[in-house]
Amino acid sequence: MTNFVKELQWRGMLHDAMPGTEEHLLEEMQSAYVGIDPTADSLHIGHLVGVMMLRHFQLAGHKPYALIGGATGMIGDPSGKSAERNLLDEKTLRHNENALKEQLSRFLDFTVDGENAAVLVNNYDWMKNFSFLDFIRDVGKHITVNYMMSKDSVKKRLSAEAKEGMSFTEFTYQLVQGYDFLHLYREYNCSLQMGGSDQWGNITTGTELIRRIAGGKGYALTCPLITKADGTKFGKTEGGNIWLDAERTSPYKFYQYWLNTSDEDAEKYIKIFTFLGQQEIEDLTKQHKEAPHLRLLQKRLADEVTVMVHSQDDLDNAVRASEILFGKSTASDLKGLNEKTFLEIFEGVPQAELSKSELADGLDMIGALAAKTNFLGSNGEARRELKQNSISVNKEKVKEDFLITSEDLINDKFVLIQRGKKNYFVLVFN
């Protein structure tokens, strides 16, 4: 067994821990859980910190529990929120649970032989038949309103600055989450709950229930909330969340997100979001600082996370796609792209739609550049650019006598024209 707390510390993943937690984990194999919001059928990278904590926990020789918050997802956690979230029905929750387990299995080993195999649980399974009267009698009476009001998540929502008040449903959230911890403690001997630093209040409510009802000892451990150096929100782009599901966020866009992190963030993120060892990260950071223009940290970070979440093939495709814009690439590289990735790479590039019948006898370059597309201002400008050898079709230089045919189509639909290094145009043939 390795020292889990020390591992988190050097990685910058430890915000706070209840006294005695480190010693407790060094005694013998222990069990811990992290709660995961099931309001979508995919995790996004904001979930990754908790998932990485569970993986490090398993690698340290302990048993991880991933708790899908089916019941709490029907309520909505007020922590860090300014308004109440939409509530879900059971059918949607079950669908989301199955999808999340599939993604979690890329990180956690649910099949390993031995006592520390990961386990997925859903709190809806033990809450659905718990009547309101039973809950307030068996759980509610053990926690005072004064205790609940002292939590930061409650205080912020009841403060004068809050736009909306807090519903009774949300107010009870910490009791329901606290009961989860009590249930896992009694049923699975789970003695530690982990989460983001904004979860400290909810987690300690659970340790209080374990003490008062079960006469036991529960532990709490939190990680810092991930931020970006420029103050913008981690895991968000103009297009929304960065999802782990390839249908929601393509591997290319996923790769680009990590590749475009700042030097300061990359130095922090490579410790949190990869399993590289301390010495290797220190060496890589040193090399990066000696030649920051090479962006060694960002490239290694993007490589590691993309393979972990998607696959080596997806990474290779993402790298090829990136090089099409910024490096040397060929027509065969372009033709290896699927339609979705091609359109993502050239998002915002001027397009012109033409009929495939134009290709029957070959489309001449004057037509492709000006007469039929207006990419360039005139036929004369098109001729000048061609004479200056500044025009490429599918990354290969062409002269005025070149004809575009169906052989040049990418995905049986596109042709990429380039003037100089940075000006791209896309012909779309229907």
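Residues numbered from 1 in each chain as written. Predicted model: local features only at pLDDT ≥ 70, side-chain atom pairs only at ≥ 80, totals over all residues. Heavy atoms only, no water.

1. Overview of the pattern of salt bridges
- The full count for this structure, using the stated rule, is 19 salt bridges.
- Notably, a salt bridge pairs Arg137 with Asp134, separated by 3.3 Å at the nearest N-O pair. Separated by three residues within a single helix, Arg137 and Asp134 lie in helix 6 (residues 132-138), roughly one turn from each other.
- Exposure remark for Asp134: the relative accessible area of 27% places this residue in the partly exposed category.
- The partner of Lys289 in a salt bridge is Glu267, with the nearest N and O atoms 3.6 Å apart. (Salt bridge = Lys/Arg side-chain N within 4 Å of Asp/Glu carboxyl O. Helix = DSSP H or I, 4+ residues; strand = E, 2+ residues; numbered from the N terminus. Buried < 20%, exposed > 50% of the residue type's maximum accessible area, 1.4 Å probe, protein only.)

2. Description of the sheet that holds strand 15 (residues 423-429)
- One open sheet holds the five strands; their spatial order is 9-15-14-11-12, and the pairing between them is mixed. A strand with exactly one partner marks an edge of an open sheet, and here the two such strands are strand 9 (351-354) and strand 12 (396-397).
- Two strands pair when backbone bridges link them, and strand 11 (residues 391-393) and strand 14 (residues 414-419) are joined in this way by three bridges, in the antiparallel orientation. Across the sheet, Val393 pairs through a bridge with Ile417, a residue of strand 14. (Pairing = 2+ DSSP bridges.)

3. A few points about the UniProt feature "binding site: L-tyrosine" (unreviewed entry) in the protein chain
- Mapped onto this numbering, the UniProt entry annotates "binding site: L-tyrosine" (unreviewed entry) at Tyr33, Tyr173 and Gln177.
- The topology assignment puts Tyr33 in strand 2 (residues 31-36).
- By relative accessible area, Tyr33 is classed as buried at 2%.
- With residues near it in sequence (within four places) discarded, Tyr33 still touches Leu54, Tyr65, Leu67, Gln177, Asp180, Phe181, Leu184, Cys190, Leu192, Gln193 and Met194. (UniProt positions renumbered as here; feature names shortened; annotations may be inferred. Contact = heavy atoms within 4.5 Å.)

4. Examining helix 11 (residues 200-214)
- End to end, helix 11 covers 20 Å across 15 residues, agreeing with the expected 21 Å (1.5 Å per residue, within 8%).
- Regarding helix 11, the residues found buried are Gly201, Asn202, Ile203, Thr204, Thr205, Gly206, Thr207, Glu208, Leu209 and Ile210.
- Those residues of helix 11 hidden inside the fold are in contact with helix 7 (145-149), helix 8 (152-158), helix 10 (173-188), strand 5 (192-196) and strand 6 (219-223).
- Residue Gly215 follows helix 11 closely and has a positive phi angle near 65°. (Expected span 1.5 Å × (residues − 1).)

5. Some details on the packing of aromatic side chains
- What the rule picks out here adds up to 19 aromatic pairs.
- Relative to Trp258, the ring of Tyr257 has its centre 5.6 Å away and its plane inclined at 90°; by these criteria the two rings are edge-to-face. Taken individually, Tyr257 and Trp258 each receive the classification buried, so the pair is uniform in this respect.
- Consider the rings of Trp258 and Tyr269, whose centres lie 6.2 Å apart with planes at 85°: the pair is edge-to-face. Within this pair, whereas Trp258 is found in helix 12 (residues 251-259), its partner Tyr269 is found in helix 13 (residues 263-272), the two being separated by eleven residues in sequence. For the pair shown, Trp258 and Tyr269 are each scored as buried.
- Here a set of aromatic residues connected by ring pairs shows up, and it is made of Phe234, Phe254, Tyr257, Trp258, Tyr269 and Phe273.
- In this structure, Lys101 is placed above the aromatic ring of Phe110, and the distance from its NZ or CZ to the ring centre is 5.2 Å. (Phe/Tyr/Trp six-rings, centres within 6.5 Å; stacked < 30°, edge-to-face > 60°. Lys NZ or Arg CZ within 6 Å of the ring centre and 35° of its normal.)

6. Concerning the sheet that holds strand 5
- In space, the six strands of this open sheet follow the order 1-6-5-2-3-4, with mixed pairing throughout. For this open sheet the edge positions go to strand 1 (16-17) and strand 4 (119-122), each flanked by a neighbour on one side alone.
- For strand 2 and strand 5, the ladder comprises three bridges, and the chain directions are parallel. Across the sheet, Ala32 pairs through a bridge with Leu192, a residue of strand 5.
- Helix-sheet contacts for helix 4 (residues 90-104) involve strand 2, strand 3 (63-68) and strand 4, and the interaxial angle to strand 4 is about 160°. (Axes fitted to C-alpha atoms, helices over the stretch in contact; angles between N-to-C directions.)

7. Details of the UniProt feature "binding site: ATP" (unreviewed entry) in the protein chain
- Per the UniProt annotation, the sites labelled "binding site: ATP" (unreviewed entry) are Lys236.
- Tracing the chain through its elements places Lys236 in strand 7 (residues 236-237).
- The class for Lys236 is partly exposed, based on a relative accessible area of 36%.
- Residues within four places of Lys236 in sequence aside, it is in contact with Asn241 and Tyr257.

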